[in-house]
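One letter stands for each residue in the lines below.
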Amino acid sequence: MKKIKKKKSASQVVPAFLVGWTHGHPPPPGYIAAWFDEAYGGPLRIRFLASTGHHHFEAAHTNWIAEINIEPSPAIVEQWQSRLQWEQTQLALLFPPTTATDRRDVLLHVARMARGVTLLTEGTTYDVATGTYLNPSDWRDRNLEVFRITDHVQVEHHEDVHRARMWFHSRGLTKFGLDEIETFRSTGLSSREVKDTVLRVADHLIEQGKNPKVGERIVLDGSGLQVMVVRHRTDPLYGAPLAFREFILE
């Protein structure tokens, strides 16, 4: 392991995962590397990003990189404690690189690192984009060998009583540097088919790696299903402005 010069940090953006715990010290980077090598065959390369201390570093395997801060400032810890109403006194933040070409493999790598920190601390992971929590035992149900859209993106729906319609939207695309997507359907119709469509559109956008433009048509491979993006907006539903791109079936 070697130190490198401090560079501009991705920590200025929202992390993909948080890991919180109460007892014990943060696991040293060498422990995390040893865990990864045993669990996934390694090698995991550690590159320190801070000029002093070993708390802020990159964990790289092949060309996949996760940025990890296992001891952020008290101000950052207090901010997330207040937002999540957590009692955990310690916190680790995990970020994917912002310049990755295919973020699917990178997010798998970051998820593996989040799993490792969770197991080593016996803590709890918070998936920031989807708003879900994972304890150490929950990671067994997540396939970390193959990218599976439902591990990273959830679909939620809310009833709009005044307009007699249901609002379906994704949560999780922000991890991939994309806007969330949304669509509306009349109340009383089956929600399962709509949720499947949202996930298929989300999977297509992750594969393409870019946001669709308003007016753009998207043909989903293998089904002939075609949707069109009709609007771009922001919504403060989850406490901060979140960008959405609305699509309709054609």
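Procedures and definitions
Residues numbered from 1 in each chain as written. Predicted model: local features only at pLDDT ≥ 70, side-chain atom pairs only at ≥ 80, totals over all residues. Heavy atoms only, no water. Buried < 20%, exposed > 50% of the residue type's maximum accessible area, 1.4 Å probe, protein only. Helix = DSSP H or I, 4+ residues; strand = E, 2+ residues; numbered from the N terminus. Pairing = 2+ DSSP bridges. Expected span 1.5 Å × (residues − 1). Arc of directions from axis to C-beta. Contact = heavy atoms within 4.5 Å.

Enquirer: So what's going on with the pairing of strand 10 (residues 165-171)? Residues and values would help.
Expert: The element strand 10 is largely enclosed, with a buried count of six among its seven residues. Across seven bridges, strand 9 (residues 154-160) lies against strand 10 in antiparallel orientation. Across the sheet, His-158 pairs through a bridge with Trp-167, a residue of strand 10. Remark: four residues form the turn of the hairpin made by strand 9 and strand 10, two consecutive strands paired antiparallel; Ala-164 in that turn has positive phi of roughly 50 degrees. Sheet analysis places strand 10 next to strand 11 (residues 180-186), joined by five bridges and oriented antiparallel. Of the residues in strand 11, the one forming a bridge with Phe-168 is Thr-183.

Enquirer: An account of helix 3 (residues 103-121) is requested, with residue identities and associated values reported.
Expert: Note on helix geometry: an α-helix contains 3.6 residues per turn, so any two residues three or four positions apart are oriented the same way. In this model, helix 3 (19 residues) spans 26 Å end to end at C-alpha, consistent with the 27 Å of a helix rising 1.5 Å per residue. Most of helix 3 sits inside the fold, with 14 of its 19 residues counted as buried. In the segment just after helix 3, Glu-122 is the residue with positive phi, at about 55 degrees.

Enquirer: Could you give an account of the environment of Tyr-133, with specific residues and numbers?
Expert: Within the secondary structure, Tyr-133 is located in strand 8 (residues 132-134). A residue is classified by how much of its surface remains accessible, and Tyr-133, at 41% relative accessible area, is partly exposed. Sequence separation between Tyr-133 and Phe-17 is 116 residues, and the spatial gap between their C-alpha atoms is 9.7 Å.

Enquirer: Quick rundown of helix 2 (residues 74-84)? Include the residues and the values.
Expert: Looking at helix 2, one finds that the buried residues are Val-77, Trp-80 and Leu-84. Each buried residue of helix 2 lies within a common arc of 70 degrees when the element is viewed along its axis, so the set occupies one face. For helix 2, exposure combined with an orientation more than 90 degrees from the buried face picks out Pro-74, Ala-75, Glu-78 and Ser-82. Against the buried residues of helix 2 lie strand 2 (17-21), strand 6 (90-95), strand 7 (124-127) and strand 8. With its phi angle positive at about 55 degrees, Gln-85 sits one or two positions after the end of helix 2.

On their own, these measurements won't tell you what the molecule is for.
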